[in-house]
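Commentary on secondary and tertiary structure
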Amino acid sequence: MHHFIFNYHKRRELNLTSKINIQKSSILDADEISKLETECFDYNVYPINEIKNIIRTPRYTILKASADEQCVGYIIYSVVVDECDLDKIAVKNEHRHKGIGKLLMDEMLRDLIKRGVKKVYLEVDAENKQAISLYEKLNFEKIDKRTNYYSNGHNAIVYVLNL
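Below is a summary of the structure that appears in this document. The model shown is predicted, which means the values in this text are computed figures rather than measured ones. (Residues numbered from 1 in each chain as written. Predicted model: local features only at pLDDT ≥ 70, side-chain atom pairs only at ≥ 80, totals over all residues. Heavy atoms only, no water.)

**Quick look at the packing of aromatic side chains**
What the rule picks out here adds up to four aromatic pairs. Aromatic pair Tyr135 and Tyr159: ring centres 6.3 Å apart, planes at 50 degrees, arrangement tilted. Of this pair, Tyr135 sits in helix 5 (residues 129–137) while Tyr159 sits in strand 7 (residues 156–162); the two residues are 24 residues apart in sequence, bridging distant segments of the chain. Of the two residues examined, Tyr135 and Tyr159, each falls in the buried class. For the pair Tyr149 and Tyr150, a centre-to-centre distance of 5.0 Å together with 90 degrees between the ring planes defines the contact as edge-to-face. For Tyr150, a relative accessible area of 12% translates into the label buried. Taken together, the ring pairs connect Tyr43, Tyr149 and Tyr150 into an aromatic cluster. For the cation-ring pair, Lys88 lies above Phe41, with the distance from its terminal atom to the ring centre recorded as 4.4 Å. (Phe/Tyr/Trp six-rings, centres within 6.5 Å; stacked < 30°, edge-to-face > 60°. Helix = DSSP H or I, 4+ residues; strand = E, 2+ residues; numbered from the N terminus. Buried < 20%, exposed > 50% of the residue type's maximum accessible area, 1.4 Å probe, protein only. Lys NZ or Arg CZ within 6 Å of the ring centre and 35° of its normal.)

Right, dumping it as structure tokens:
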């Protein structure tokens, strides 16, 4: 049973001024994703070569959210058999609090359900209250804590979602 709600076309609710297009990334998107990666993260930043390798690796997917033909967010996840690891999700600072992160999560979850995935795992910085709020609204359950997990010394909270 799926315990989350897809809420796609309520643009007024999302406070969007532009249509958001979500699509699977190609190697042509690597520069744009790399730029957004460095804007959104102070630590554990993927270099451009890593992003290109992720795009080329079949078990990984990067979905890109675009507004007015500019990348405003992305999500990176990998699937092995029937389990998924959500590696990263990022939304450009000026586009946060508009529902773009939820749109990316919804699209990922749709893809995972189609592929028969049973569980989604993720680690999140214990101090990232916005991300934690999103995951908990989508019914992810806290299952563990990892001390000093990130290079800046922050702890991680491990979550799982059963699909």
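**A few points about helix 3 (residues 48–56)**
Inspection of helix 3 places Ile51, Ile54 and Ile55 among the buried residues, and these make up the whole buried set. Buried residues along helix 3 cover an arc of 100 degrees about the axis, so they all sit on one side. For helix 3, the exposed residues lying more than 90 degrees away from the buried face are Asn49 and Arg56. The elements touched by buried residues of helix 3 are helix 2 (30–40), strand 2 (60–67) and strand 3 (70–80). (Arc of directions from axis to C-beta. Contact = heavy atoms within 4.5 Å.)

Interpretation note: all reported values are geometric properties and have no functional meaning in isolation.
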